[in-house]
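# What the coordinates show
One letter stands for each residue in the lines below.
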Amino acid sequence: MYPVSGGFYTYATRFIDPSFGFAVGWNYFSLWFVVLPLELTVCSLVIQYWNQEISVGVWITIFWVAIILINIFGSIGYAEEEFWSSVIKLAATVVFMIICFVLVLGGGPSDGRYSEYVGAKYWHNPGAFRNGFRGFCSVFVTAAFSFTGTELVGLAAAESRNPVKSLPSSIKQVFWRITLFYVLGLFFVGLLIPADDQRLLSSAAYTDVKASPFVLVGLYAGLRGFDHFMNAVILISVISIGVSSVYGGSRTLTAMAQQGYAPKFFTYIDRSGRCLPSTILMLLTGPLAYINLSASGPTVFNWLQALSGLAVLFAWAAICLAHIRFRAAWAYHGHSVEEIPFKAIFGVVGSWIGLIICFIVFIAQFYTAIAPPGQEGLNDVEGFFQAYLALPIVLAFWIGGYIWKRTGWLKLDQIDVDTGRRELDWDEIRAYREFVAAQPSWKRVYYTLFQ
């Protein structure tokens with residue numbers, strides 16, 4: 001409803017606390033600042049599955065140039081790349097899950113590992129939960145980082161010509177894709193790859209492209225070419241994440257500049273709708289990937305990642321809290337829920353649940369930062385800050401933002417829910433609602449869940 005690039009950051013400054021929005025906005029930007037060089041490094045390592053003779057630096061350069069070329073076309077380039085990469089990834093995931101289902105039942109080739117019924121064998125030996133409760137708590141942040149980017153649908157809303165029509169189905173599809181493809185796909189991986197597999201746990205796992213469990217399934221099954229197919233899909237996925245990092249980081253930086261929390265230079269948007277200064281800055285983070293070529297590079301990169309380790313969790317917490325505050329202010333100013341063209345399925349209750357889950361994950365990560373899994377005793381100072389550096393950084397930005405702008409927690413009467421809203425075609429919206437209401441019950445359920 002508010003056509004401003006920046007998504008949750010803009011809403012956090014408008015509905016929660018400008019200083020808090022400033023803090024989580026910069027932390028979120030730091031996440032994308034690190035993602036591009038990280039994904040360029042991963043691209044080069046994935047390629048080495050086929051050719052280890054060519055230097056990693058060569059592939060970093062090639063994929064960096066490819067991402068630059070895609071971003072030259074702005075939102076159109078990002079949208080086209082995301083569409084085709086999503087089609088490939090979804091098709092590959094469906095094929096992968098069907099094959100995994102057959103392998104779990106023992107339908108693999110006779111010369112492979114899965115020629116007999118597998119079932120939950122690896123969940124019992126060596127076990128599904130490694131390192132006890134600490135190990136369980138330690139995976140939350142890793143899982144959250146893997147889901148990074150699902151919130152970009154909110155950023156894209158600002159640049160959509162008709163968000164009322166396109167956004168509801170897009171948001172619902174994100175939920176179902178996570179549930180069916182991410183969760184179910186990883187479930188099959190857990191059934192087919194043991195937790196103590198040496199290719200996953202070796203000291204060279206960071207640089208060993210064979211460490212991808214999706215590739216190992218095809219390799220162990222004896223399915224010729226399937227490991228190469230999945231490796232190619234992984235390469236496409238990594239490039240997609242790199243493109244998304246430029247899109248997400250540039251829009252966040254532009255929004256912060258528009259709010260006065262970044263240099264005004266970054267507010268410039270050309271006639272094609274491209275945030276040129278912000279996009280150029282994000283693209284210039286690519287050469288940071290070359291740091292990994294030096295002996296001390298991984299250490300430097302680990303600290304860069306530590307800056308943004310919890311960024312996506314702060315972002316999701318801010319999204320939930322902004323929705324809660326928006327709905328409260330919306331009602332306070334005399335508006336009804338019927339005036340909102342698209343409503344979250346679980347409403348404010350869903351946002352409260354999401355916010356509570358984020359806090360639980362923060363607590364779990366704090367626990368593992370103090371007592372990491374796989375070692376006895378407590379962590380040292382360096383290990384603690386590598387795991388939890390994002391929190392003091394966010395607090396420092398929050399305090400700095402308050403000192404700078406002298407703005408704190410907004411009361412409901414201070415929240416403006418009307419300025420900047422798009423003018424909507426309510427005749428079209430009412431006609432669509434009447435159309436859905438006239439459908440049979442099973443169709444209404446379908447429209448609720450998918451459209």
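A short tour of the structure in this document, coming up. (Residues numbered from 1 in each chain as written. Predicted model: local features only at pLDDT ≥ 70, side-chain atom pairs only at ≥ 80, totals over all residues. Heavy atoms only, no water.)

### A word on the overall build of the chain
Counted only if it meets this: Secondary structure elements are taken from DSSP: a helix is a run of H or I of four residues or more, a strand is a run of E of two residues or more, and numbering for both begins at the N terminus. Per-residue accessibility, obtained with a 1.4 Å probe over protein chains only, is compared with the maximum for each type, and a residue is labelled buried under 20%, exposed over 50%, and partly exposed between these values. Should any heavy atoms of two residues lie within 4.5 Å, those residues are counted as being in contact. Accessibility throughout is a Shrake-Rupley quantity obtained with a 1.4 Å probe, and a residue counts as covered only by protein chains that appear here.
Counting its secondary structure elements, the chain contains 19 helices and zero strands. Counting every position in the chain, which comprises 451 residues, the buried fraction comes to 44%. For the chain, contacts bridging at least 24 residues in sequence account for 76% of all contacts bridging at least 6. Working note: accessible area of the chain is about 22,600 Å², and carbon and sulfur atoms make up 67% of it.

### Details of helix α12 (residues 276-283)
For α12, the full list of buried residues reads Pro 277, Ser 278, Thr 279, Met 282 and Leu 283. On its buried side, α12 packs onto α2 (18-47), α3 (56-71) and α11 (226-258).

### What to know about the packing of aromatic side chains
The condition is simple: What counts as a ring pair is set by centres within 6.5 Å for rings of Phe, Tyr and Trp (its six-membered ring), and what kind of pair is set by the plane angle: stacked under 30 degrees, edge-to-face over 60, tilted for all other angles.
On inspection of all chains with the given rule, the structure shows 17 aromatic pairs. What links up through ring pairs into an aromatic cluster is the set Phe 96, Phe 214, Phe 226 and Phe 229.

### Observations regarding the environment of Val 102
By the secondary structure assignment, Val 102 is in helix α4 (residues 74-104). Judged by relative accessible area, Val 102 falls into the partly exposed class, the value being 37%. Along the sequence, Val 102 and Ser 115 sit 13 residues apart, while their C-alpha atoms lie 9.8 Å from each other.

### Description of the packing of α2 against α3
Think of two packed helices as two axes; the pair is described by the angle between the axes and how far apart they sit. To keep things clear, this is the line we draw: To obtain an axis, a line is fitted to C-alpha atoms, over the contacting stretch when the element is a helix, and the angle between two such axes runs from 0 to 180 degrees between their N-to-C directions. Any angle between 65 and 115 degrees counts as roughly perpendicular, while under 35 counts as roughly parallel, over 145 as roughly antiparallel, and the rest as oblique. When the near helix sits turned anticlockwise from the far one by under a right angle, the crossing is termed left-handed; a clockwise turn instead gives a right-handed crossing. By the convention adopted, Pro, Cys, Tyr, Trp, Phe, Met, Ile, Leu, Val and Ala count as nonpolar, Lys, Arg, Asp and Glu as charged, and the other residues, Gly among them, as polar.
Remark: α2 packs on α3, axes separated minimally by 8 Å, with the N-to-C direction vectors making an angle of 125 degrees. What the angle tells us is that α2 and α3 run oblique. Here α2 and α3 pass one another in a crossing that is right-handed. Packed against α2, whose contacting residues are Leu 36, Leu 40, Cys 43, Ser 44, Leu 45 and Ile 47, the element α3 presents Val 56, Trp 59, Ile 60, Phe 63, Trp 64 and Ile 67 at the interface. In terms of residue class, the contact of α2 with α3 is made up of 11 nonpolar, one polar and no charged.

### A short note on the side chain of Ser 278
Counted only if it meets this: Nitrogen and oxygen atoms within 3.5 Å of one another constitute a polar contact, given that in protein one can donate a hydrogen and the other can accept it, and given that sequence-neighbouring residues count only through two side-chain atoms.
In this structure, Ser 278 sits in helix α12. Judged by relative accessible area, Ser 278 falls into the buried class, the value being 0%. A polar side-chain atom of Ser 278 sits 2.9 Å from a polar atom in the side chain of Thr 254. With residues up to four places along the chain from it excluded, the contact list for Ser 278 reads Ser 250, Leu 253, Thr 254 and Phe 266.

### With respect to empty space enclosed by the protein
Using the following cut-off: In this analysis the probe radius is 1.4 Å and the grid spacing 1 Å, with only protein atoms considered; a cavity is a set of points the probe fits into but cannot get out of, a pocket is an open set with protein on both sides within 12 Å along at least five of seven lines, and lining residues have an atom within 4 Å of a point. Grid points are joined across faces, edges and corners, and a volume is the space filled by probe spheres set on the points.
Here the structure, examined in full by the defined rule, presents one cavity of 30 Å³ or more. Here the largest cavity defines a volume of roughly 50 Å³. In this structure, the largest cavity is lined by Asn 71, Gly 74, Tyr 78, Tyr 247, Arg 251, Arg 274, Leu 276 and Thr 279. Elements supplying a minimum of two residues to the lining of the largest cavity: α4, α11 and α12.

### Concerning the environment of Leu 235
On the secondary structure map, Leu 235 appears in helix α11. For Leu 235 and Val 46, which are 189 residues apart along the polypeptide, the C-alpha to C-alpha distance reads 6.4 Å. When residues no more than four places from it in sequence are discounted, the contact partners of Leu 235 are Cys 43, Val 46, Ile 47, Trp 50 and Phe 63.

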